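Below, each chain spelled out in residue letters.
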Amino acid sequence: MRRRAALALGLALALALAGCSVPFWGHPEEPRGGDAIGWENGYWYDDPVDVTTSDGLNESELEAVTARTMARIERIRDREFESTVPVEVISRAEYRNRSGGRGSGVAGGDPWNDQVWEALLLVGEDSGSSEAISDTRSDSVLGYYSPSRDRIVIVSESETPVVDRGTLAHELVHALQDQQFGLGGAPETQDTQLARNGVVEGEANYIENTYEKRCERRWSCISTPERGGGGGGGGENRGVFTVIIQPYVSGPAFIDSVYDEGGWDAVDALHEDYAASSEQIIHPERYPDETPVDVTVADRSNGEWNRFDHDPVGDTVGEASIFAAMYHNDQTTADRYSYVSQPSEGWAGDTVVPYRNGSGGGGYVWESRWDTEGDAVEFAAAYRDALTGTHDARTPRENVYVVPDGEFADAFRIVREGRTVRIVNGPTVDDLDGIHRAGG
């Protein structure tokens, strides 16, 4: 990084001495062969565009800004767009309307996933995971790229929809990723989704940040609109938000680490070999060698409780989600966006297996493995303290906790065996053995 900074400084000094504040090499109107890195649809990356942003962009203005932004992304990323991507700008109200509106998720609408988020003590029984995730996204999304429709939508906070240059650049990076590497397929678990997004969103944020720095120092750029209140809908679940935002926060540093080692070729390779866990995104030095261990949860339920007919049968939440759980249940004073804390550090693997009974009751078995016995002790202690300190749980007997009321009103059994922590949850103490018989 120091070497690149020194080279950049040397180039800036040379340009200043030459009396040239913006690098311009006498581009032809159109490159030979019809295209080149840094040229798109009639615009070089350093060409001016004649637009007025205060009242939004008309169709021709949006096309010009999009073309120049594509050229600039090519210049930064050293990769060529294969085709132009349509861009649409809508208000947040329109985005909410398209995505189903406030409260589109139905409480209990995804009972399997409800148990996963309940295990993290982030989404309780009075809302449901679908509703919490939907409402949080409705308040926080600034734009998105749809691979299936090959289209970008920018969400504007103002009544007169205007374009945020950073969001446009970010989403165009996703279009470039899709054209060059493909963005299809779905990760199997919550943690592998965060890991994959750590690469995809991390790269987009890394390039967006580079783009903004060049706007500040050498490029003429459209103005940035004033930010609204993040949607102002008041539906955001802060714990869910901390999980969802992790790839955007931790990802750029991960990409920077990989870029430092091998340049854009190394970043290209990430799209063929994504990080295996959010742990690797949070701790770049652990990629690619420190992979998660497989955690298999034995089914020790009775005839009243059964696993869901779901593939996979359990979910892996990972280090980032455990950090969010501990942070939002007052078990760490770490910075909210550091994603590093004593209770979550040392994660080696986990599986949450949801259960249900015939009367609509839900429960789970969450088994986690840790790097050391000390790491397991810290996590188990933090989870117990979250139940007793944050949710006023009582302890009718050893290792058993009962939260009397509120959205997490349930019974819990927490047992540590060496580097393994097993948490069993059910509606009542009597249900715990029915979900997972003690002793294994």
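Predicted, not measured: the structure shown is a model, and the values here were computed from it.

(A) Highlighting the side chain of R77. Here R77 shows up in helix α2 (residues 59-77). Within the structure, R77 has its side chain in polar contact with the side chain of E203 (distance 2.5 Å). Here R77 is in contact with L176, F181, E203, I207, W264, V267 and D268, once residues within four sequence places are set aside.

(B) Molecular detail of the pattern of salt bridges. Here the structure, examined in full by the defined rule, presents 18 salt bridges. Put simply, R77 and D268 hold a salt bridge, and the shortest N to O gap is 2.6 Å. Residue R77 is located in helix α2, and its partner D268 is located in helix α8 (residues 238-270); the two are separated by 191 residues in the primary sequence. For the pair R77 and D268, one class covers both residues: buried. Between R98 and E88 there is a salt bridge, with its nearest N and O atoms 2.6 Å apart. Of this pair, R98 sits in helix α3 (residues 92-98) while E88 sits in strand β3 (residues 87-91); the two residues are ten residues apart in sequence, bridging distant segments of the chain. A network of salt bridges, in which partner residues are shared, links R77, R79, E203 and D268.

(C) Molecular detail of the packing of aromatic side chains. This structure, assessed with the given rule, holds 13 aromatic pairs. Both rings, one in Y95 and one in Y144, keep their centres 6.1 Å apart while their planes meet at 50 degrees; by these two values the pair is tilted. Of this pair, Y95 sits in helix α3 while Y144 sits in strand β4 (residues 143-146), placing them 49 residues apart in sequence. Taking relative accessible area as the criterion, Y144 reaches 26% and is therefore assigned partly exposed. Seen from their ring centres, Y259 and W264 are 4.9 Å apart, and the 70 degrees between their planes marks the pair as edge-to-face. Site record: aromatic cluster; members linked through ring pairs are W366, W370, F379 and Y383.

(D) Up close: the nonpolar core. Ranked by internal contacts, the top residues of the largest apolar core, which has 46 residues, are W366, Y383, L387, F412 and I423. Here this core takes seven residues from helix α11 (residues 373-390), the largest share from any one element. In contact with L387, not counting residues within four places along its chain, are L121, D392, A393, Y401, V403, F412 and I414. In terms of nonpolar packing, the next biggest core, distinct from the first, is built from 45 residues, F81, I154, W264 and I281 among them.

(E) Layout of the sheet that holds strand β10 (residues 400-402). On the basis of which strands lie adjacent, the open sheet formed by seven strands has the order β6-β7-β8-β12-β11-β10-β9 and antiparallel pairing. Each edge of the open sheet carries a strand with a single partner, namely β6 (305-307) and β9 (394-397). In this sheet, neighbouring strand axes are inclined to one another by 25 degrees on average, regardless of whether the strands run parallel or antiparallel. Judged from the three bridges that link them, β10 and strand β11 (residues 411-417) form a sheet pairing that is antiparallel.

(F) Structural context of the environment of P312. Within the secondary structure, P312 is located in the loop between β6 and α10 (318-328). A C-alpha to C-alpha distance of 7.4 Å links P312 and E188, two positions 124 residues apart in sequence. Beyond its immediate sequence surroundings of up to four residues, P312 is in contact with W112 and E188.

(G) Seen up close, the confidence of the model for the protein. Looking at the protein as a whole, its pLDDT mean stands at 89, while 88% of the residues score no less than 70. The low-confidence segment residues 1-26 (pLDDT under 50) makes 15 contacts with residues lying over four places distant or belonging to another chain.

(H) Fine view of empty space enclosed by the protein. Under the defined criterion, the tally for this structure stands at two cavities of 30 Å³ or more. Its boundaries defined by the atoms lining it, the largest cavity holds a volume of some 110 Å³. Along the walls of the largest cavity sit twelve residues, with V155, S156, E157, D164 and P225 positioned nearest its centre. Among the elements that take part in the lining of the largest cavity, strand β5 (residues 151-156) stands out by supplying three residues, more than any other.

(I) Seen up close, a positive patch on the surface. Taken together, the side chains of R75, K213, R217 and R218 present a region of like positive charge at the surface. Among the secondary structure elements, R217 is positioned in helix α7 (residues 190-217). Judged by its relative accessible area of 67%, R217 is exposed.

(J) Fine view of the state of the cysteines. For the coordinates displayed, the defined rule picks out one disulfide. Here C215 engages in a disulfide with C221; their sulfurs sit 2.0 Å apart. Across the S-S bond linking C215 and C221, the dihedral sits near -90 degrees, which makes this disulfide left-handed. Residue classification places C215 among the buried residues on the basis of a relative accessible area of 12%.

(K) Inspection of helix α5 (residues 129-140) at higher detail. With twelve residues, α5 extends 16 Å from end C-alpha to end C-alpha; this agrees with the ideal 16 Å at 1.5 Å per step. All of the buried residues along α5 are S129, A132, S134, D135, T136, S138 and D139.

(L) Focus on α8. With 33 residues, α8 extends only 30 Å from end C-alpha to end C-alpha; this falls clearly short of the ideal 48 Å at 1.5 Å per step. Its side-chain oxygen at 3.0 Å from the backbone nitrogen of G239, N237 defines the N-terminal cap of α8.

(M) Region of interest: the environment of P247. With respect to the helices and strands, P247 occurs in helix α8. Under the relative-accessibility criterion, P247 is labelled buried at 0%. Measuring from C-alpha to C-alpha, the distance between P247 and L194 comes to 6.1 Å, with 53 residues separating the pair along the chain. The residues touching P247, leaving out its near neighbours within four places in the chain, are L194, N197, G198, E201, G202 and P252.

The rules we used
Residues numbered from 1 in each chain as written. Predicted model: local features only at pLDDT ≥ 70, side-chain atom pairs only at ≥ 80, totals over all residues. Heavy atoms only, no water. Helix = DSSP H or I, 4+ residues; strand = E, 2+ residues; numbered from the N terminus. Polar contact = N/O pair within 3.5 Å; in protein donor to acceptor, adjacent residues only side chain to side chain. Contact = heavy atoms within 4.5 Å. Salt bridge = Lys/Arg side-chain N within 4 Å of Asp/Glu carboxyl O. Buried < 20%, exposed > 50% of the residue type's maximum accessible area, 1.4 Å probe, protein only. Phe/Tyr/Trp six-rings, centres within 6.5 Å; stacked < 30°, edge-to-face > 60°. Core = buried A, V, L, I, M, F, W, Y, C linked by side-chain atoms within 4.5 Å. Pairing = 2+ DSSP bridges. Axes fitted to C-alpha atoms, helices over the stretch in contact; angles between N-to-C directions. pLDDT = per-residue confidence, 0-100. 1 Å grid on protein atoms, 1.4 Å probe; cavity = no way out; pocket = protein on both sides within 12 Å on 5 of 7 lines; lining within 4 Å. Points joined across faces, edges and corners; volume = space filled by probe spheres on them. Patch = residues over 30% accessible without salt bridge, like charges linked within 9 Å, V, L, I, M, F, W, Y side chains within 5 Å. Areas by Shrake-Rupley, 256 points an atom, 1.4 Å probe, with all protein chains shown as cover. Lys, Arg positive; Asp, Glu negative; His and termini not counted. Charge placed at Lys NZ, Arg CZ, Asp CG, Glu CD. Disulfide = S-S within 2.5 Å. Expected span 1.5 Å × (residues − 1).

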